[in-house]
Each structure stands twice: as C-alpha cells, then as structure tokens.
Amino acid sequence: MASARRLKRVVASQPGFLNLKSVSDPADSVSSRRKRVNKNKKKNWNKYSDINDVDEFLEDVRHQERTTGGLLSEKSDDSLFFLDVGQQKKPEQTVAEPVDGKKRKGKASRPLRIDLILQHNSLVPPPKDVLAYQQPNAKKVRRIAQKAEQLAAKGVVPRRQKQLLNRRPVDRTAKKAVTEANNNPDREYYDVWGQEAKDTADPWYLQQTGKKLVKRKERMNEKPSVLPAVEVIAAGGSYNPDFFSHQALLQEAHEVEVKKQKVEDKIERQLAVNREDTATEETILREQVEGLVEEENEEEVAPNEEDEDVTVGAITLAAKKTERQRKKEKADKIKEQQRLADRRQTDQRQQLFQLRSIKTALKQRDQKTKARQAQRKAKQEAQKAQPRRLGKLKFQAPDLEVQLSDELAGSLRQLKPEGSVLKDRFKSLQKRNLIEPRERAKFKRRHKLKYVEKRAFREIT
C-alpha cells in the first residue's frame, strides 16, 4: 500500500501533468491488510500489482491531447484564458420570410446529430505515413544526381546528352497530310485487325531507348505442316453415302488392313522355326548311340603326302641397274608421255567433228537433272503433308471409321455415335507436327505387394 501511494506521488510530481479528474484512491479506503505474496515470481506480477494510478495518468494525458491538442502545462496563457468584455452585438441579418407566413427558428441552421457524431473532434494529428515519403533507390538516385551536378560544374557533357545534341534536325517545314473525314465513302479501307500497329515515334529514339521491337523472322511465320486443322472425312463416311463413294472408302480400309496383315505375316515368318533344324526321332536316336556302336566300314585315311612346294620367305635383293638400262627406261618414259600427248591432241581434234553428239548428250543430261530436281521437289512437297519424327516414337495413323453396307443407318435418328472427339484432336496435333507422338505411361510398382491373411479368415481356416 505504501509503495502504491509512493508511485502515485512520483507520477503526480512529473512536469506537465495536470489532473482534471478527482478520483478517490481505493487503496486509501481499504483498511484491511493485503495478502503478502512473493513478487519474485512472474505469475504474481499482474495478479497482485496495482497499476490503476498509472492507467489514470495515461488516460488523463490522452484526454488532454484529444481536447486541447497537448498538455495543458505546455500551453500558453493566451490559449487557455480570454478576456471577457461583455456580450457582443450581433449584426442584423435579413432573413427571408417563408412562403407560408410562419416564422421559423434557427433549428434549420443547426447540423444534424448524425453529422456531429461523424465529425472529427480529436485534436491529435494523424500519424505520419512513412511509406508515402519513401522512394525506391533514393540513395542511388541522389548519388547519380550529385555526380551529374559535379560533371556539369566541370563542363563535362554526358554521353546521352551528347548523342541528343548530335541528332540530325528534323525538317519541320514538311506539311502534314490532311486527315480525311470519317464519313467520306471514298477513303482508303483500313483493317484494324489485319495490320500491325505502326511505330509513330522516331526510329533513332526507339533504338537508343531500347523500345524498338525486334523484327520477327520469316521462318517463324511458317506453319509446321500444310495440313488443315480439321480434315473433312471422305464422302463415303456419311450416314447415307453414295454407293460408289462408300465402296471406295471400303477399298481404302481394305488396303490398310492388308498392309497390317502383311507386316504380321512377315514377323511370323521371321520368328518361325526351320523344319530342317528341328530334331526328329532318327536324329535323337543317332545322337544317343553315338560312340557306342563300332562302324564296320571305317573310312580309310589317306597317308599324309609331303608337300613338294615349300615357300621360303627369303629377302630378295634387287640387282643394281647399269647406266645403259637407266637411259633406256628414261627414253621409254619420254616416248610414253609423248604418245599420250599426241593421243590427247587427236581426241581434241576429233571432238570438233562430234559437236552435234556432244550437244545432244549435254541436252539429255540437263533433262535428267531437271527431272531429278522436279522429282526431289515433289518428294519434298509430299513430305510436308507427312508427320515428321519429333520423338522416339513414330506417328501411328488412327483407324478409318468406316461402316459396312449392312451397318449403314438410313436416318440421323438411327445413327450411333462412334469415335472420340478428344482422340481425334490429339491425333490431329500429332499429325500436324505440333506435338510429338506419345503413349500412355506404364505403371511401375515401387514396392512389392505383400499378401497378409486377415485374422478373421485365419480363424476359420
């Protein structure tokens, strides 16, 4: 109790405190002794500590700040007191008389109570918004500005400003094109969605500021396939097709099945076992009695004949040529060269009489070359319509959706839906080289299955 009174006296003696509310101290009225507790423990601090006087002091400070804008002890006398000189005379005001002839009191000029409640009556200023005064990279921007000022003081012109000064002046004398009115029916047609937006800014400015768009490459505009997105089925695939169209579609489906059958037969032939390599009862019996029965007629072995021709790897030394032999070889070599030169000249002179046949041969060769080029170009054009190899799997064409003659429906009511739109679109993306061919991922179990017999079943068995 003594400590609470001492704390209250210390708080009241603080400068700037003015107690506006007279609240009696409940600690003084309590005559009974308080329970003695050990305040060294944290759990007893809030439970047995009296902080009412501190709360009253803080509440009084907040009340002064709301009503007067600060502590009364810090206010000047002029703001707290005023000189009463009597009631001032109000100037006469001309009040317009109401239409109905009744005099109204001044209630109409008073604000509504709901407006008074919503008015701001606190003199405490709102907290300062710190984020509103912050700037991103303020330190860096300030350092760049200081450096620019130092360079300007020395007379150094920055590179960007120098480039702007060196720009070619724009010819302002050119007259601008007169814009045509929107209601002119003879004006040029402009497609908003068909043309790209043109850059009206200066090209040099766009290049220096990095805002110039990158030119799109021509190869990026090419489609990966010439096939249409949605292929129209043949006329024989209709619900009520023509006889010849339906037979043509059946023939096409038949050829596809024949190719598949040929591939399967080829695989079976490759995997088939050769009958000659198959073991029979005779060969099995012969293998079993091999070496047990002596053959009566043994083959006579011919005696080893001595080889008369014995090759001996000896080093043969070439005999040294004489001076006469070397001169003869040189003369023969010169004669051979002269003979080849004469033959070459004779052939060249003979070609003069073969100009017509040579021209015919060249023409035939050019025709063959053009034929090969056309064939190669046709092959390339045909490959554009074929799916390319984009992954490790090849493209598998879907089966033709065709109905037999007895399965055709006479009307749309009897028609049964076949196929899947999702699978058709997926196959179309693969065929047009937009995605690679894929297959369903195989499920691979990480852990082996463990079979456990339940207790109830174990009791029965």
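Please refer to the structure higher up on the page.
A brief report on the enclosed structure follows. Because the structure is a prediction, the values reported are computed rather than measured. (Residues numbered from 1 in each chain as written. Predicted model: local features only at pLDDT ≥ 70, side-chain atom pairs only at ≥ 80, totals over all residues. Heavy atoms only, no water.)

**Structural notes on the overall build of the chain**
From N to C terminus, the chain includes 14 helices and zero strands. Mapped from its N terminus to its C terminus, the chain presents α and β elements in the order α-α-α-α-α-α-α-α-α-α-α-α-α-α. In the chain, buried positions account for 7% of the 461 residues. Sequence separation of at least 24 residues holds for 67% of the intrachain contacts in the chain that already meet a minimum separation of 6. (Helix = DSSP H or I, 4+ residues; strand = E, 2+ residues; numbered from the N terminus. Buried < 20%, exposed > 50% of the residue type's maximum accessible area, 1.4 Å probe, protein only. Contact = heavy atoms within 4.5 Å.)

**Considerations on unusual backbone geometry**
With a phi close to 55 degrees, Asn-137 is a non-glycine residue in the positive phi region. Here Asn-433, not a glycine, exhibits a phi torsion of approximately 60 degrees, which is positive. Structurally, the position occupied by Asn-433 is in the loop between helix H13 (421-431) and helix H14 (455-460).

**Some words on the pattern of salt bridges**
For the structure on display, the rule yields 12 salt bridges. Note that Glu-59 and Arg-66 form a salt bridge whose closest N and O atoms lie 3.8 Å from each other. A residue is classified by how much of its surface remains accessible, and Glu-59, at 32% relative accessible area, is partly exposed. Accessibility expressed as a relative area gives 35% for Arg-66, which makes it partly exposed. Between Glu-436 and Arg-438 there is a salt bridge whose closest N-O contact spans 3.2 Å. Residue Arg-438 is classed as partly exposed on the basis of its relative accessible area of 47%. One connected set of salt bridges, linked through shared partners, spans Glu-59, Arg-62 and Arg-66. (Salt bridge = Lys/Arg side-chain N within 4 Å of Asp/Glu carboxyl O.)

**Notes on the packing of aromatic side chains**
According to the stated counting rule, one finds one aromatic pair in the structure shown. Seen from their ring centres, Phe-243 and Phe-244 are 5.5 Å apart, and the 80 degrees between their planes marks the pair as edge-to-face. Judged by relative accessible area, Phe-243 falls into the exposed class, the value being 54%. When its relative accessible area of 63% is taken as the criterion, Phe-244 is described as exposed. Between Lys-128 and the ring centre of Tyr-133, over which it is positioned, the NZ or CZ distance is 4.7 Å. (Phe/Tyr/Trp six-rings, centres within 6.5 Å; stacked < 30°, edge-to-face > 60°. Lys NZ or Arg CZ within 6 Å of the ring centre and 35° of its normal.)

**Let's talk about the environment of Gln-396**
Residue placement: Gln-396 occurs in the loop between helix H12 (355-384) and H13. Judged by its relative accessible area of 54%, Gln-396 is exposed. The sequence separation of Gln-396 and Arg-438 amounts to 42 residues, and the corresponding C-alpha distance is 9.9 Å.

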